[in-house]
Amino acid sequence: MRAAKISAAEAVAGDMALVRRALAREADAFRAIIKTHNQRLYRIARGVVRNDAEAEDIVQEAYMRAFASLDSFRGDASLSTWLSRIVINEALGRLRKRKRVVAVRDNPEAEIIRFPLNPNDDPERTMAQRQILGLVERATDSLPDVYRTVFVARVIEGLSIEETAELLGIRPETVKTRLHRARALVRKALDDEIGPVLLDAFPFAGRRCERLTQAVMRRLGFEG
């Protein structure tokens, strides 16, 4: 128990040190923050809006908002949680705006975007991944918004009930209820694959990660 507390304290101290360096306009500090959190933030955004390109744009905008108000970070929550909250607020805002547009156009069907796979994998593994990830993406994307955001946070990102509640601004009991319903909706489709497969879902690495990192660094006035 004591070791966990020390570990948490060390994590907070590390976050604060990185933030102080970023506030001093150290390029490496910004780059470290971006590369450390890119994958989680992208998967959260992608889980909400169900569109790869829009998710990238959301994460980029969220970084700019976060860095503009970095001096307000006090370490009450982890830097990861703080950034995740900004991303999900941006994503939900986009979703609400999209729904208003859809309502006007009377076109309620959202487009499902295929998850990218690693082209360096062997053909058999790639085919198996594509089949399973197709099942994952369809099941996840078909969830109603209120269930999908909880499902992404808890199952894909592995956040605790308390972290998910804090991230979404809802009660822990509501997280449990929505997660139970989400699991019930996808259980038949995913079954045993749900745990290991979701670890590889919503990927954000390699060139995609580097591209977004460079874009944010340029907007911050660095070379990238």
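Bear in mind that the values here come from a model prediction, so they are computed numbers and not experimental data.

Two elements in contact, helix α2 (residues 27-49) and helix α3 (residues 52-68), have axes separated by 8 Å at closest approach and are oriented at 135°. One finds that α2 runs oblique with respect to α3. The two elements α2 and α3 cross, and the hand of that crossing is right-handed. From α2, F30, I33, I34, H37, N38, L41, Y42, A45, R46 and V49 reach across to α3, where they touch D52, E54, A55, E56, I58, V59, Y63 and F67. Here the contact of α2 with α3 is composed, by residue class, of 12 nonpolar, 2 polar and 4 charged.

Moving on to the nonpolar core. Within the largest apolar cluster, 51 residues are counted, with the highest numbers of intra-cluster contacts made by Y63, F67, W82, V216 and L220. Only α1 (2-23), α2, α3, α4 (79-105), α6 (145-156), α7 (161-168), α8 (172-190) and α10 (206-219) provide two or more residues apiece to this core. With 10 residues, α2 is the single largest residue contributor to this core. Apart from the residues lying within four places of it in its own chain, the contact partners of W82 are A66, S69, L70, S72 and F73.

Attention now moves to the environment of R219. Tracing the backbone shows R219 in helix α10. Under the relative-accessibility criterion, R219 is labelled partly exposed at 39%. Measuring from C-alpha to C-alpha, the distance between R219 and Q60 comes to 9.4 Å, with 159 residues separating the pair along the chain. Apart from the residues lying within four places of it in its own chain, the contact partners of R219 are Q60, E61 and M64.

In this section: the environment of N89. The residue N89 is located in helix α4 in this model. Residues N89 and L167, 78 residues apart in the sequence, show an inter-C-alpha distance of 9.2 Å.

Okay, the packing of α2 against α6 next. Running from N to C, α2 and α6 point in directions that differ by 150°, and their axes come no closer than 8 Å. Considering their axes alone, α2 and α6 lie roughly antiparallel with respect to each other. In the packing of α2 onto α6, the handedness of the crossing is right-handed. Taking contact as the criterion, the partners of R43, I44, G47 and V48 in α2 are, on α6, R148, T149, V152 and I156. Tallied by class, residues from the contact of α2 with α6 come to 4 nonpolar, 2 polar and 2 charged.

Another point: the pattern of salt bridges. Tallied over the entire structure, the rule returns 13 salt bridges. D57 is the partner of R94 in a salt bridge, and the nearest nitrogen-oxygen pair spans 2.7 Å. Here the residue R94 occupies a position in helix α4, and D57 occupies one in helix α3, the gap between them amounting to 37 residues. Residue class for D57 comes out partly exposed when judged on its relative accessible area of 32%. Of the charged contacts, one joins E61 and R219 as a salt bridge, the two residues approaching to 2.8 Å between their closest N and O atoms. Here the residue E61 occupies a position in helix α3, and R219 occupies one in helix α10, the gap between them amounting to 158 residues. Take E61: its relative accessible area is 23%, and that puts it in the partly exposed class. Within this structure, E54, D57, R65, E90 and R94 form a network of salt bridges that share partners.

Summed over the entire model, instances satisfying the criterion amount to 4 aromatic pairs. With a centroid separation of 4.9 Å and an interplanar angle of 80°, the aromatic rings of F30 and F67 are classed as edge-to-face. Here F67 lies in helix α3 and F30 lies in helix α2, a separation of 37 residues in the sequence. With a centroid separation of 5.5 Å and 45° between ring planes, the pair formed by F30 and F222 is classed as tilted. Of this pair, F30 sits in helix α2 while F222 sits in the segment after α10, and the two are 192 residues apart along the sequence. With respect to burial, F30 and F222 carry one shared label: buried. One aromatic cluster is present, built from ring pairs that chain together F30, Y63, F67 and F222.

Rules used throughout
Residues numbered from 1 in each chain as written. Predicted model: local features only at pLDDT ≥ 70, side-chain atom pairs only at ≥ 80, totals over all residues. Heavy atoms only, no water. Axes fitted to C-alpha atoms, helices over the stretch in contact; angles between N-to-C directions. Helix = DSSP H or I, 4+ residues; strand = E, 2+ residues; numbered from the N terminus. Parallel < 35°, antiparallel > 145°, perpendicular 65-115°, else oblique. Left-handed = near helix turned anticlockwise from the far one by under 90°. Contact = heavy atoms within 4.5 Å. Nonpolar A, V, L, I, M, F, W, Y, C, P; charged D, E, K, R; others polar. Core = buried A, V, L, I, M, F, W, Y, C linked by side-chain atoms within 4.5 Å. Buried < 20%, exposed > 50% of the residue type's maximum accessible area, 1.4 Å probe, protein only. Salt bridge = Lys/Arg side-chain N within 4 Å of Asp/Glu carboxyl O. Phe/Tyr/Trp six-rings, centres within 6.5 Å; stacked < 30°, edge-to-face > 60°.

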